[in-house]
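Structure assessment
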Amino acid sequence: MRSLFPIVLVLILHIPQVVANDIDPVTDVQNIKNYFKERFPDIPFDQYVHGALAYSVDAKTQYDSIMEFPPFEQDIDRGKAIWITPFKNGKSFKDCFPDAGHGEAAKYPKYDNAKNKVVTFEMAINQCLIINGEAPYAFDDVNTMGLLTAYARKLSDGQIMQVAVASPGAKDKYLNGRQLFYKRIGQLNLSCASCHITHAGNYFRDELISPAIGHATHFPVFRGGEFLFTLHMRYRRCMEAMRASPLPAGGAELNDLEFFHSYLSNGLPLKSSVYRK
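What this report covers is the structure whose coordinates are included nearby. This is a predicted model, so every value here is computed, not measured.

Quick word on the packing of aromatic side chains
Enumeration according to the criterion identifies 18 aromatic pairs in this entry. Taken together, a centroid distance of 5.1 Å and an interplanar angle of 90 degrees make the contact between Phe181 and Tyr182 edge-to-face. Exposure class is identical for Phe181 and Tyr182. Each is buried. Each member of the aromatic cluster is reached from another via a ring pair, and the members are Trp83, Phe87, Phe93, Phe97, Tyr108, Phe121, Tyr137 and Tyr151. Here Arg234 stacks its cationic end above the ring of Phe229, 5.9 Å away from the centre of that ring.

Structure (structure tokens):
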């Protein structure tokens, strides 16, 4: 007899918002993880750090070969140069974070109780610039924020994602992000969940659709080995593909989406700045 769990999950994912306010984030995410475990029983949880590659041995083998000598290594080096170059006051990015930034990206995004908002790693980088008398970077600027985070996030490779939803305010932001994740948008009337939960592991044209679990662990990514995308850049590109007006990178709505999206990957190690097809 076929399990009823996928049906139950679908019902949970489409609960009206008035009921969704009672959702417990821990249980919510565990339901999603259980859903993937039932659909793909042979894939260990830790393999979801590889995204869609977890579904294809051949694709994973090709990826491993490319990552031996990644064609974007010079871009990561450029990001390192930005990270270590002193500001006008003599300090640098590494002075803004504990342990010179090692392990920090795994703790983001965070909920700031005092400001009642989600703070992303990119926002923390811009705050570092501001307090040191420098101009902040545009969140969608590949040559500044993109390259810098391609290096800075790698300082947390191997660290376990540990996003916390530990207050009523944080839960509100989680639910905001969750609502956007499941909201159907654009002329195609699709949501993030339509592709990355319901159809994860299926093919769209010649590409495997990646699962939502693990997404936040490996951004930025280099599409085709050369085109850098931060997570917010990718959100915007997906919205454009749905024929919807993309929300601004670094805005509150995408920050809340990232908060929910990252919470799905708690327990997985970061593996940033990687090749994707």
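Here's the deal with the sheet that holds strand β7 (residues 274–276)
Sheet architecture is open: 3 strands sit in the order β6-β5-β7, paired in mixed fashion. Of all strands in the sheet, those with a lone pairing partner are β6 (227–229) and β7, marking the two edges. Sheet twist, expressed as the mean angle between neighbouring strand axes with direction ignored, is 35 degrees. Note that strand β5 (residues 221–223) and β7 share 3 bridges and pair parallel. Counterpart to Phe222 in the pairing with β7 is Tyr275. The strands that helix α10 (residues 231–241) touches are β5 and β6; relative to β6, the one it contacts most, it runs at about 100 degrees.

Some points on the nonpolar core
Counting residues in hydrophobic clusters, the biggest one holds 78 residues, and the most contacted among them are Phe36, Tyr48, Tyr55, Trp83, Phe93, Phe181 and Ile197. Excluding residues within four positions of it along the chain, Phe36 makes contact with Tyr48, Tyr55, His196, Ile197, Ala200, Pro211, Ala212 and Ile213.

Observations concerning helix α6 (residues 121–131)
The α-helix winds at 3.6 residues per turn, so residues separated by three or four positions along the chain end up facing the same way. Most of α6 sits inside the fold, with 8 of its 11 residues counted as buried. Every buried residue belonging to α6 is among Phe121, Glu122, Met123, Ala124, Ile125, Asn126, Cys128 and Leu129, and all of these are buried. Each element contacted by the buried residues of α6 is listed here: β2 (117–119), α7 (142–152) and α11 (252–263). One or two steps after α6, the chain reaches Gly133, where phi turns positive at roughly 75 degrees.

Description of the pattern of salt bridges
Opposite charge on two side chains makes pairing possible when the charged atoms of those side chains draw close. This structure, assessed with the given rule, holds 10 salt bridges. When salt bridges with common partners are traced through the structure, they connect Glu122, Arg153 and Glu258 into a single cluster.

Looking at the state of the cysteines
The bond known as a disulfide is covalent and runs between the sulfur atoms of two cysteines. In this structure the tally under the stated criterion is 1 disulfide. Cysteine Cys195 is unpaired, with the sulfur of Cys238 as its nearest cysteine sulfur at 7.4 Å. Taking relative accessible area as the criterion, Cys195 reaches 23% and is therefore assigned partly exposed. With no disulfide of its own, Cys238 has Cys192 as its nearest cysteine by sulfur position, at a separation of 6.9 Å.

The rules we used
- Residues numbered from 1 in each chain as written.
- Predicted model: local features only at pLDDT ≥ 70, side-chain atom pairs only at ≥ 80, totals over all residues.
- Heavy atoms only, no water.
- Phe/Tyr/Trp six-rings, centres within 6.5 Å; stacked < 30°, edge-to-face > 60°.
- Buried < 20%, exposed > 50% of the residue type's maximum accessible area, 1.4 Å probe, protein only.
- Lys NZ or Arg CZ within 6 Å of the ring centre and 35° of its normal.
- Pairing = 2+ DSSP bridges.
- Helix = DSSP H or I, 4+ residues; strand = E, 2+ residues; numbered from the N terminus.
- Axes fitted to C-alpha atoms, helices over the stretch in contact; angles between N-to-C directions.
- Contact = heavy atoms within 4.5 Å.
- Core = buried A, V, L, I, M, F, W, Y, C linked by side-chain atoms within 4.5 Å.
- Salt bridge = Lys/Arg side-chain N within 4 Å of Asp/Glu carboxyl O.
- Disulfide = S-S within 2.5 Å.

Don't take any of this as a statement about function, it's just geometry.
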